[in-house]
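Inside the fold
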Amino acid sequence: MMKKILGLMGIGIYLGVAIPSFALDLEWKTKAPMLNGRYGLSAATLNGKIYAIGGDGGLNVVEEFDPSIGPNGTWSTKAPMPTGRYFLAAATLNGKIYAM
């Protein structure tokens, strides 16, 4: 793979073609703290919001972070899962979050 990338760069330089480079301005920013700090949770995004799901040995807690509210976003508690889970996976599909 690296040989192919280097080869393409070499061809670009030979032909005088500009090879674009992208620089990201990465900076950590503090936002609103979670309502319940925990480990072993999963997270998913849906409709521009972040959901923190489960964790800590089997919690059924679901919290939503909405970055569009206020300068630092805000957290709110959502309906709990029917059963608690930790070290789970979460995914979104067709407008729903699945936790397994």
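Described in the following lines is the structure provided in the data block. Predicted model, so just to flag it, every value in this text is computed and none were measured. (Residues numbered from 1 in each chain as written. Predicted model: local features only at pLDDT ≥ 70, side-chain atom pairs only at ≥ 80, totals over all residues. Heavy atoms only, no water.)

Some points on the sheet that holds strand β4 (residues 74-77)
The strands that make up a sheet are held in pairs by hydrogen bonds between backbone atoms, and each pair lies either parallel or antiparallel. Just so we agree on the cut-off: At least two bridges found by DSSP between two strands is the condition for calling them paired. Only runs of H or I of at least four residues qualify as helices and only runs of E of at least two qualify as strands under DSSP, and these elements are numbered from the N terminus. Lines are fitted to the C-alpha atoms to define the axes, a helix being fitted only along its stretch in contact, and any angle between axes, read from their N-to-C directions, falls within 0 to 180 degrees.
Judged by pairing direction, the sheet is antiparallel, and its four strands sit side by side in the order β1-β2-β3-β4 without closing on themselves. Taken across any chain shown, the strands that pair with only one partner, and hence form the sheet edges, are β1 (42-46) and β4. Neighbouring strand axes in the sheet, compared pairwise and without regard to direction, differ in orientation by 25 degrees on average. As paired strands, strand β2 (residues 49-53) and strand β3 (residues 62-66) are joined by four bridges and run antiparallel to one another. Along β3, the bridge assignment pairs Ala52 with Glu63.

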